[in-house]
Amino acid sequence: MDDRIALDFRPMTPSPTSASTGVSARTVPLLDLRRQYARIREEVRTAIDAVCESQHFIFGPQVETFERGAAKFVGAEACVGCASGTDAIWLALAACGVEPGDEVLTTPFSFFATISSIVRAGARAVLVDIDPDTLNLDATAVEARFRDSFSPRLKAMLPVHLYGQCADMDALGRLAADHHLVIVEDAAQAFGAAWRGRRAGTLGRAAAFSFYPTKNLSAFGDAGCVTTSDPQVADRLRRLRNHGSEVRYYHEEIGGNSRLDAIQAAVLNVKLRHIEQWNEERRARAATYDRLLAKAGLAGAAQTPLRLLRTSPEAYHIYHQYVVRTAKRDALRKFLADHGVGTEVYYPVPLHLQAPLRYFGYGEGSFPESERAARDVLALPMFAELTEPEQQYVVDTIAAFFS
Ligand SMILES: Cc1ncc(COP(=O)(O)O)c(C=O)c1O
């Protein structure tokens, strides 16, 4: 599962044992979308109402406005709305020419859709391990892999901007150019993130975004989009998302039904106006965690119980997730849950060990960094409206666990 568990809004009950930690009991959810909704309720209701009044639910002005606005925001020539981030990856790969029998290089440490979309495009996934400091695809390992063996079938590279931080697009871009590979970004977690001032969505031939409700830019259901500055790719995307058809009932190829619907686009149009501020607020919350964890002696120095991820100086990180690492992850997670703090593990099983992908021939030990990350990462509560007292409670509870 991805961040889906965060949609369970049942209030968490802090255990009465909170008193034993000396920390006053409260609850801090992993994500509270209701607080975001409270900030934009009237705008969203007006926008949805306008769609209801128009009775225009498929394509139409809301979708066109969103596509123009999102393209402008990321700095791409075109944005093609679609039904989900999963579809967006498949559409992007297919529109960039990935065909059955091709190979696509990606990371073993991502949500399942990254790899299932490669398989759905008919291609084979070639995996390379992650950088232990950022948990993104390790460019040095990719280079080593290319030195050892380079398959002429390798057509594309699919870096994932995990947790909202861009992968090393300088090094990966160079490697892709040297080997004539197309880059498709899995930017599902990275709307507004940037590398050297260029936003995710412009760092390859095409980029896939997810607007699943828990994402930093989110719809009221499933939605996604692909951005590109290649007009041919954009045309093909528009065709593929709509049954391979440009003129109704005339089909040029096999596509699918993966349209962005007008109600989702109306919600996204409202949120697009706020996303820059919300991303800034997430960055401020992340800086607060860094400060509070360091002050509590939990992270930020040698010999502390938690290890933090490195933020590359080139990256504008939008902290879709704030993740810490500890060998005591499962016990810490249970302790936090018992004290009312929501957390999640993204991801407990690396892709090469997922049951349907065993046929790729990888096994335990194939990608040690990804396997280690799967054992020790923990995402803490993170959303724009999180308050400092809530963050202090999270940090105090972690400190109580390690005391
Ligand atoms: C890295 C990554 N890729 C792809 C997806 C798939 O997006 P969706 O859930 O919108 O299909 C997600 C999110 O769920 C994701 O986090």
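Since this is a predicted model, take the numbers as computed values, not measurements.

Caption draft 1: Local environment of the overall build of the protein chain. Summing up its helical and strand segments, the protein chain has 13 helices and 15 strands in all. A compact globule built from 403 residues would reach a C-alpha radius of gyration of about 22 Å, and the protein chain, at 21 Å, matches this within 12%. For the protein chain, the C-alpha atoms occupy an extent of roughly 70 × 60 × 35 Å along the three principal directions. Here the protein chain, with 403 residues, has 56% of them falling under the buried criterion. In the protein chain, once contacts between residues fewer than 6 apart in sequence are set aside, the share between residues at least 24 apart is 72%. Element-wise, carbon and sulfur atoms account for 51% of the exposed surface of the protein chain, whose accessible area totals about 16,900 Å². Averaging the coordinates of the 45 positive side-chain charges in the protein chain and doing the same for the 49 negative ones gives two points 2 Å apart.

Caption draft 2: Representation of the sheet that holds strand E13 (residues 315-316) in the model. The 3 strands are arranged E7-E6-E13 in an open sheet whose pairing can be described as antiparallel. With one partner strand each, in any of the chains shown, strand E7 (198-199) and E13 form the two edges of the open sheet. By the bridge criterion, 2 bridges tie strand E6 (residues 194-195) to E7 in an arrangement that is antiparallel. Following the sheet pairing, Ala 194 is matched in E7 by Arg 199.

Caption draft 3: Examining the packing of aromatic side chains more closely. Following the criterion strictly, the structure yields 15 aromatic pairs and no others. On the basis of an interplanar angle of 65 degrees and a centroid distance of 5.2 Å, the ring pair of Phe 191 and Phe 209 is categorised as edge-to-face. Of this pair, Phe 191 sits in the loop between strand E5 (182-186) and E6 while Phe 209 sits in strand E8 (residues 206-210), and the two are 18 residues apart along the sequence. Assigned by exposure class, Phe 191 and Phe 209 land together as buried. Grouped by ring-pair contacts, the aromatic residues Phe 66, Phe 73, Phe 191, Phe 209 and Phe 211 constitute a single cluster. Above the plane of the ring of Phe 73 lies Arg 199, whose end atom (NZ or CZ) is 3.9 Å from the centre.

Caption draft 4: A look at the pairing of strand E4 (residues 154-158). In terms of burial, E4 is a largely internal element, 4 of the 5 residues being buried. Sheet topology places strand E2 (residues 103-106) next to E4; 4 bridges connect them, and they run parallel. Along E4, the bridge assignment pairs Thr 106 with Leu 158. With 2 bridges joining them, E4 and E5 adopt parallel strand pairing. In the sheet register, Met 157 faces E5, and the bridge partner there is Ile 183.

Caption draft 5: Quick peek at unusual backbone geometry. The peptide bond linking Tyr 346 to Tyr 347 adopts the cis configuration, its omega dihedral lying at 15 degrees. When you line up the elements, Tyr 347 lands in the loop between helix H11 (329-338) and helix H12 (368-376). The phi angle at Tyr 249 is positive, at roughly 75 degrees, despite the residue not being glycine. By the element assignment, Tyr 249 lies in the loop between strand E10 (245-247) and strand E11 (250-251).

Caption draft 6: Fine view of helix H5 (residues 112-120). Buried residues of H5: Ala 113, Thr 114, Ile 115, Ser 117 and Ile 118, and no others. Along its buried surface, H5 packs onto helix H4 (85-95), E2, strand E3 (124-127), E4 and E5. Looking one or two residues past H5, Gly 122 carries a phi angle of roughly 90 degrees, positive in sign.

Caption draft 7: The arrangement of the pattern of salt bridges in detail. Summed over all chains, the structure comprises 25 salt bridges. Ionic pairing is found between Glu 390 and Arg 35, a salt bridge with its closest N-O pair at 2.7 Å. Remark: Arg 35 occurs in helix H2 (residues 33-54) and Glu 390 occurs in helix H13 (residues 388-402); sequence separation between them is 355 residues. The partner of Arg 329 in a salt bridge is Asp 330, and the shortest N-O contact between them spans 2.7 Å. Within the structure, one salt-bridge network assembled from shared partners comprises Arg 236, Arg 239, Glu 246, Glu 252 and Glu 253.

Caption draft 8: Molecular detail of the nonpolar core. One finds Phe 66, Leu 105, Val 142, Met 157, Phe 191 and Phe 211 to be the most contacted residues of the largest nonpolar core, which totals 57 residues. In terms of residue count, the dominant contributor to this core is helix H9 (residues 262-272) (7 residues). Setting aside residues no more than four positions away along its own chain, Phe 191 makes contact with Ala 70, Phe 73, Val 74, Phe 209, Phe 211, Asn 216, Leu 217, Leu 272, Ile 275, Asn 279 and Ile 318. Counting 43 residues, the second-largest nonpolar core is a separate cluster that includes Leu 31, Val 345, Tyr 347 and Ala 374.

Caption draft 9: Looking closely at the confidence of the model for the protein chain. Summary statistics for the protein chain give a mean pLDDT of 94 and a share of 94% for residues scoring 70 or more. Under a pLDDT of 50 for its full length, residues 1-20 has, in the predicted model, 45 contacts with residues more than four places off or in other chains.

Caption draft 10: Fine view of the sheet that holds strand E1 (residues 78-82). Read across the open sheet, the 7 strands follow the order E1-E9-E8-E5-E4-E2-E3; overall the sheet is mixed. Since the sheet does not close on itself, it has two edges, and those belong to E1 and E3, each with one partner. Recorded for the sheet is a direction-independent mean angle of 25 degrees between the axes of neighbouring strands. Bridging between E5 and E8 involves 3 bridges; their strand directions are parallel. Directly across from Asp 186, in E8, lies its bridge partner Ala 208. Along the sheet, H4 makes contact with E1, E2, E4, E5, E8 and strand E9 (224-228), crossing E8 at roughly 170 degrees.

Thresholds applied
Residues numbered from 1 in each chain as written. Predicted model: local features only at pLDDT ≥ 70, side-chain atom pairs only at ≥ 80, totals over all residues. Heavy atoms only, no water. Helix = DSSP H or I, 4+ residues; strand = E, 2+ residues; numbered from the N terminus. Rg over C-alpha atoms; globule rule 2.2 N^0.38 Å. Buried < 20%, exposed > 50% of the residue type's maximum accessible area, 1.4 Å probe, protein only. Contact = heavy atoms within 4.5 Å. Areas by Shrake-Rupley, 256 points an atom, 1.4 Å probe, with all protein chains shown as cover. Lys, Arg positive; Asp, Glu negative; His and termini not counted. Charge placed at Lys NZ, Arg CZ, Asp CG, Glu CD. Pairing = 2+ DSSP bridges. Phe/Tyr/Trp six-rings, centres within 6.5 Å; stacked < 30°, edge-to-face > 60°. Lys NZ or Arg CZ within 6 Å of the ring centre and 35° of its normal. Salt bridge = Lys/Arg side-chain N within 4 Å of Asp/Glu carboxyl O. Core = buried A, V, L, I, M, F, W, Y, C linked by side-chain atoms within 4.5 Å. pLDDT = per-residue confidence, 0-100. Axes fitted to C-alpha atoms, helices over the stretch in contact; angles between N-to-C directions.

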